[in-house]
Amino acid sequence: MKPSLPLLAVIVIAAPAPLAAREAVLAVPAGTASEVAIGIARATNASIVIADPALGRTQVAGIKGRMDAEAAVAKLARASGMKAVRVAPRAWRLVAAPRSAPVFARARPAGMAPAATTPPGAPSAEAEGAPITVTASKRDLSFAEMPGQVTLLDGAVLERGGVGGTERIMQRAATVSSTYLGSGRNKLFIRGIADSSFTGPTQATVGQYFGDLRLSYNSPDPDLRLSDMERVEILEGPQGTLYGAGSLGGIIRLVPRAPEPGEAQLIVSGGASAIAHGEPGGDAHATLNLPLSGETATLRLNLDAATLGGYIDKPVIGRKDVNRTAILSGRAALRVDIAPDWSADVILLGQDTEAEDSQYADRNGPDRLGSSAQVTEGSRARYGQAQLVVTGRLGDVRVKSSTGLGAQNLTERYDATMPGDPGPARLFRQRNQTRMIANETRAWQPVGGKGWGWVLGSSIIDNRNTLTRVLGPVTGTAPATGVRNTVFEITGYGEASYRALPALTLAAGLRVTKVEIGGAGEDVSRAAALAGAAVTAKRRETAYLPSASALLDIGDKGRAYLRYQEGFRPGGLAVAGDFVRQFASDHARTVELGGGWGQPGRGAFDIGASLSYTRWRNIQADFIDESGLPSTANIGNGRIWAASVSGSARIAGALRLEFGATLNDSDVDEPVVLPLTRLSRIPNIARFSGRAGLNWRRDFDNGTGIEAEGWASYIGKSRLGIGPELGELQGDYLDSGATLRWGRENAGLTLSVTNLVDTVGNRFALGTPFATGRAQITPLQPRTIRIGFDARF
């Protein structure tokens, strides 16, 4: 077994039939071996795989001149010290050539300066680099060809300091925010488009995807462990044309590492953590890549387990550090080559997250981490999905079909004892069950050298969500009104782009979705169900979601764009007293102006910025009804101005600065359901949020190295929700962290610290909706120190 991590670049841009050599004029700039491989593959219609990420990061000179794919691959292999192995008529795998020095850094005599990794006069990979392909574009657009704001987070970077969940994304992307009820219970927001604080029947404003398939429809973020990810891609919204309903704010796409043919590998990591004012915790991770039939079939397995120490005290019931959380997560991926240029992937993933109690505290209590709740709260979130993905090509056209079955169950317990009530403690328990069947099939042709490209696709989604509730004294709860929502969607979409001028690319697209909405009340009387038959009768609607953009190239590295996009969410049913009521679909239209310079994390400097205006009609949102329970309605129309900026700069040598910020201004006008004072702002969105980080690396003569990073983020003030009961302010805090790793490429030790200054803060001003008279906060996890290891065999 080789001490390497499977990866790195799997690029398939191959022509199907012609087996004869096909020459092309190459002008691939210098970069890492994986980046140059991408450039060669795109230019020659070949498939190139680099098995070892360490070798993939080797700096090599550019490949220029007229040659066929075989000659280009051979030249790359010589430049990078690798061996090219042909695995198909137009496919190669680059593997390590025999060597005595460690892969992490070649040994050199003491006192010698580091060997130059780029020939004199050639541009470095950091300065140039091959194009970054954004797979979320659905047609292999490069980063420079994307008319919109895109954030790319490297999977290896997200694993630094131990495997985490969605919070790792928010630590690195200033435009992404969240509620903080707990793991597996939160709602995510992008670009200031947020609806409410609770998990109700409304569809999310952010589409979450694992590969090409949606993780959920109208369920909370499952908070999957971000282990063994190639990267995470964030597209700011709306993204209605390509992704349909539930992408008003944008989409977050998890791109897992694919099974690596021909490489048997094991990767393990783990750590122990200590929380100030709380309990210790620990985590472990393992990845196994196992060839089953040469290079034809490969299995990749992932397993994650974590226990997160508690730090909230509940003196009323005599318990300390109550909010311990246990997470068990697994994933299996089987890839089979079924024919030349065609493959099938079977993917299974699941996660079980159980929180023993809640993570909120009293705002004005004697203990900053204490809660006066009178019952044991907590939650259990279970998620599972199975996928079958078939990928191939017909001539120059590529085809991909993804079919999936997903299930998500969330059970939550809340203290329903009203403040000042001398009676027995009361409990509210809510169970949210979702089942979804989905298929997306698309065909596309990349832009390439022709100057135009397109994608055509269709999708079908069948989703069922059931919300049931019980309420009453802890010793005798009784059923309360619940609701069941069903949605069936069938969609066709297309998008095309054309380079009208050498520096100007125009694009347009359209999505047409037909939706059938149904449902019923749960735990309601037969008489109420009959009387409300018209309310629960099936409804049908058709949504048209157009898009258009213009992209202008400015010099070699600059770009500017103007984009128009729309998004929507279908309506549904919500609890209303003893029965249910309808709420209508909402619709967002956005105009965005933006641009940038360079590619993320490369060169001396890169930056991207945008300014957008959104008009949001019939906003779906949750609020506290007259009975004190969460409910949903269309609360009015709103407008949102949003500005964002992100980038990085090389300060000196190997020290690099990263930065990002977002500014939001919004209001809700024409309130149509709540007899309240005028609604002033969209909830849960801070006017200003910002982040800055530093990264540094140093390699030593003995083959070891040190990597260090530190970051700090500020989250501004926001409002909890809709209505006076949810008018509490939250936010206005600083979070921070630092990570240090020492070791070789195949083994290392890690020290990480989060919440460096032990800030309490207030991430979310709600723990239970039944105690709105008792001010609540959700504090940051206190300062946490983790010591960990990682090894690859």
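In terms of regular secondary structure, the chain is built from 8 helices and 47 strands. Across the 793 residues of the chain, 56% fall into the buried class. Summed over all atoms, the accessible surface of the chain reaches about 29,800 Å², with 61% contributed by carbon and sulfur.

With an omega dihedral of 0°, the bond running from G237 to P238 counts as a cis peptide bond. Residue placement: P238 occurs in the loop between β16 (229–236) and α6 (240–243). The phi dihedral of D321 is positive, around 50°, even though this residue is not glycine. With respect to the helices and strands, the residue D321 is situated in the loop between β20 (297–308) and β21 (325–339). Residue N755 is not a glycine yet carries a positive backbone phi of 50°. With respect to the helices and strands, N755 occurs in the loop between β45 (747–754) and β46 (776–777).

The next point concerns the environment of F700. Within the element layout of this structure, F700 appears in the loop between β40 (688–699) and β41 (705–715). Judged by its relative accessible area of 27%, F700 is partly exposed. Along the chain, F700 and G743 lie 43 residues apart, while their C-alpha atoms are 10.0 Å from each other.

Another point: empty space enclosed by the protein. Take a probe with the size of a water molecule and roll it over the atoms, and the empty space left behind shows itself. There is about 1,000 Å³ of room inside the largest cavity. The wall of the largest cavity is formed by 50 residues, among which E167, R168, Q171, L308 and Q781 lie closest to the centre. Here the lining of the largest cavity gets 6 residues from one element, more than from any other, and that element is helix α5 (residues 166–172). Of the residues that constitute the lining of the largest cavity, the class distribution is 13 nonpolar, 25 polar and 12 charged. Size it by volume and the second largest cavity reaches roughly 440 Å³. Together, 32 residues line the second largest cavity, and V176, S177, Y180, I715 and Y733 are the ones closest to its centre. Considering only residue class, the lining of the second largest cavity consists of 11 nonpolar, 16 polar and 5 charged.

All right, on to helix α1 (residues 33–44) then. The periodicity of an α-helix, 3.6 residues per turn, causes residues three or four positions apart to be oriented the same way. Compared with the 16 Å implied by 1.5 Å per residue over 12 residues, the 16 Å span of α1 between its first and last C-alpha is a close match. The element α1 is largely enclosed, with a buried count of 10 among its 12 residues. For α1, the complete set of buried residues consists of A33, S34, E35, V36, A37, I38, G39, I40, A41 and T44.

Now for a nonpolar patch on the surface. A cluster of nonpolar side chains, contributed by L552, I554, W597 and F605, occupies part of the molecular surface with about 360 Å² of accessible area. The topology assignment puts W597 in strand β34 (residues 586–597).

Glancing now at the environment of T475. With respect to the secondary-structure elements, T475 resides in the loop between β27 (452–473) and β28 (478–501). Separated by 50 residues in sequence, T475 and A425 place their C-alpha atoms 9.0 Å apart.

It is worth spelling out the sheet that holds strand β14 (residues 206–210) at this point. Taken in spatial order, the 5 strands make up an open sheet running β11-β16-β17-β14-β15, and their pairing is mixed. Strands with a single pairing partner mark the edges of an open sheet, and in this sheet they are β11 (150–154) and β15 (213–214).

This next bit is on the pattern of salt bridges. Per the stated rule, a full pass over the model turns up 52 salt bridges. We note a salt bridge from E279 to R324, for which the minimum N-O separation is 3.1 Å. One end of the pair, E279, is in the loop between β18 (265–275) and β19 (281–293); the other, R324, is in the loop between β20 and β21, and 45 residues separate them in sequence. We note a salt bridge from R741 to D790, for which the minimum N-O separation is 2.8 Å. Linking R741 in strand β44 (residues 733–744) with D790 in strand β47 (residues 784–792), this pair joins segments that are 49 residues apart in sequence. By relative accessible area, D790 is classed as buried at 14%. One salt-bridge network, held together by shared partners, links K138, D212, R231, E233, R253, E440 and R442.

What follows covers the environment of F488. Relative to the assigned elements, F488 resides in strand β28. In this structure, the C-alpha to C-alpha distance between F488 and I517, residues 29 residues apart in sequence, is 6.7 Å. Excluding residues that lie within four positions of it along the chain, F488 makes contacts with I460, I461, D462, K514, V515 and E516.

Counting residues in each nonpolar core, the largest one holds 37 residues, and the members touching the most others are I169, V176, F210, V232, I234, I252 and L254. Secondary structure elements with two or more residues in this core: α5, β13 (188–190), β14, β16, β17 (250–256) and β22 (342–355). Looking at this core, the element that brings in the most residues is β16, giving 3 residues. Core analysis: the second largest hydrophobic core is formed by 23 residues, V28, V36, A72 and L94 among them.

Time to look at the packing of aromatic side chains. All chains considered together, the criterion is met by 5 aromatic pairs. Aromatic rings pair up to connect Y414, F428 and F770 into one cluster. Sitting above the plane of the W444 ring, R442 keeps its charged end 4.6 Å from the centroid. We note R559 situated over the ring of F143; from NZ or CZ to the ring centre the distance is 4.9 Å.

This part takes up the packing of α1 against helix α3 (residues 69–80). The description of two helices packed together rests on the angle between their axes and the distance between the axes. It is at 10 Å that the axes of α1 and α3 come closest, and there the two elements cross at 175°. When the axes of α1 and α3 are compared, the pair comes out roughly antiparallel. Between α1 and α3, the contacting residues are A33, V36, A37, I40 and T44 on the first element and A69, A72, L76 and S80 on the second. Here the residues of the contact of α1 with α3 are counted per class, giving 7 nonpolar, 2 polar and no charged.

What follows concerns the side chain of K400. Its place among the elements puts K400 in strand β25 (residues 397–415). Buried charged residue K400 carries no salt bridge. Nearest counter-charge: D212, at 4.0 Å. If near-sequence neighbours (up to four positions away) are discounted, K400 is found in contact with D212, V389, V390, T391, E440, T441, R442 and W444.

This part is about the side chain of E236. Relative to the helices and strands, E236 is located in strand β16. One polar contact links E236 to R191, side chain to side chain, over a distance of 2.8 Å. Look past the residues within four positions of E236 in its chain and what remains in contact with it is Q149, T175, I190, R191, G249, G250, R563, S610 and S644.

Let us now look at the confidence of the model for the chain. Put simply, the chain has an average pLDDT of 87, and 90% of its residues get 70 or more. Taken together, the stretch residues 1–21 has pLDDT below 50 and engages in 84 contacts with residues farther than four places along the chain or on a different chain. Here residues 99–129 is a poorly scored stretch, pLDDT under 50, and it has 65 contacts once near neighbours within four places are set aside; other chains count.

Inspection of the sheet shows β21 paired to β22 by 14 bridges, in the antiparallel sense. By the bridge assignment for β22, R335 is matched with D345. Linkage of β21 to β22, two consecutive antiparallel strands, is achieved through a turn of 2 residues, within which D341 is found at a positive phi near 70°. Sheet analysis places β22 next to strand β24 (residues 378–394), joined by 13 bridges and oriented antiparallel. Of the residues in β24, the one forming a bridge with L348 is A386.

Definitions and limits used
- The residue count restarts for each chain, going from 1 along the sequence in the order it is written.
- Local features are withheld for residues below a pLDDT of 70 in this predicted model, meaning they are given only at 70 or higher, and side-chain atom pairs are given and counted only at 80 or more; totals for whole chains, interfaces and linings count all residues.
- Processing note: side-chain calculations cover all non-hydrogen atoms of the structure and skip hydrogens and water entirely.
- For helices the rule is a DSSP run of H or I covering at least 4 residues; for strands it is a run of E covering at least 2, with both sets numbered from the N terminus onward.
- Per-residue accessibility, obtained with a 1.4 Å probe over protein chains only, is compared with the maximum for each type, and a residue is labelled buried under 20%, exposed over 50%, and partly exposed between these values.
- Reported accessibility uses the Shrake-Rupley method at a 1.4 Å probe radius. Residues are deemed covered only where the shown protein chains occlude them.
- Method remark: on a 1 Å grid restricted to protein atoms, a set of points is classed as a cavity if a 1.4 Å probe fits but cannot get out and as a pocket if it is open with protein on both sides within 12 Å along at least five of seven lines; lining residues have an atom within 4 Å of a point.
- Grid points are joined across faces, edges and corners, and a volume is the space filled by probe spheres set on the points.
- In this classification, the charged set is Asp, Glu, Lys and Arg, the nonpolar set is Ala, Val, Leu, Ile, Met, Phe, Trp, Tyr, Cys and Pro, and all remaining amino acids, among them Gly, are polar.
- Expected span of a helix: the number of residues minus one, times 1.5 Å.
- Nonpolar side chains (Val, Leu, Ile, Met, Phe, Trp, Tyr) within 5 Å and like charges within 9 Å form the patches, drawn only from residues with over 30% relative accessible area and no salt bridge.
- Any Lys or Arg side-chain nitrogen located within 4 Å of an Asp or Glu carboxyl oxygen qualifies as a salt bridge.
- A pair of strands is labelled paired if DSSP reports no fewer than 2 bridges between them.
- Note on contacts: a residue pair qualifies if any of its non-hydrogen atoms lie within 4.5 Å across the two residues.
- By nonpolar core is meant a set of buried Ala, Val, Leu, Ile, Met, Phe, Trp, Tyr and Cys residues that side-chain atoms within 4.5 Å join together.
- Pairs were defined over the aromatic rings of Phe, Tyr and Trp, the Trp ring being its six-membered one, requiring ring centres within 6.5 Å. Orientation was assigned from the angle between planes: stacked under 30 degrees, edge-to-face over 60, tilted for the rest.
- In our convention, an over-ring charge means Lys NZ or Arg CZ found within 6 Å of a ring centre and within 35 degrees of that ring's normal.
- Axis definition: a line fitted to C-alpha atoms, limited for helices to the stretch in contact. Angles are taken between N-to-C directions and run from 0 to 180 degrees.
- Oblique is the label for any angle not under 35 degrees, not over 145, and not in the 65 to 115 range, which are roughly parallel, roughly antiparallel and roughly perpendicular in turn.
- In this tally, Asp and Glu contribute negative charge and Lys and Arg positive charge; neither His nor the terminal groups of the chain are included.
- In protein, a polar contact requires one atom able to donate a hydrogen and another able to accept it; more generally it is a pair of N or O atoms within 3.5 Å, and residues adjacent in sequence count only if both atoms are side-chain atoms.
- Residue-level confidence of the predictor, termed pLDDT, takes values from 0 up to 100.

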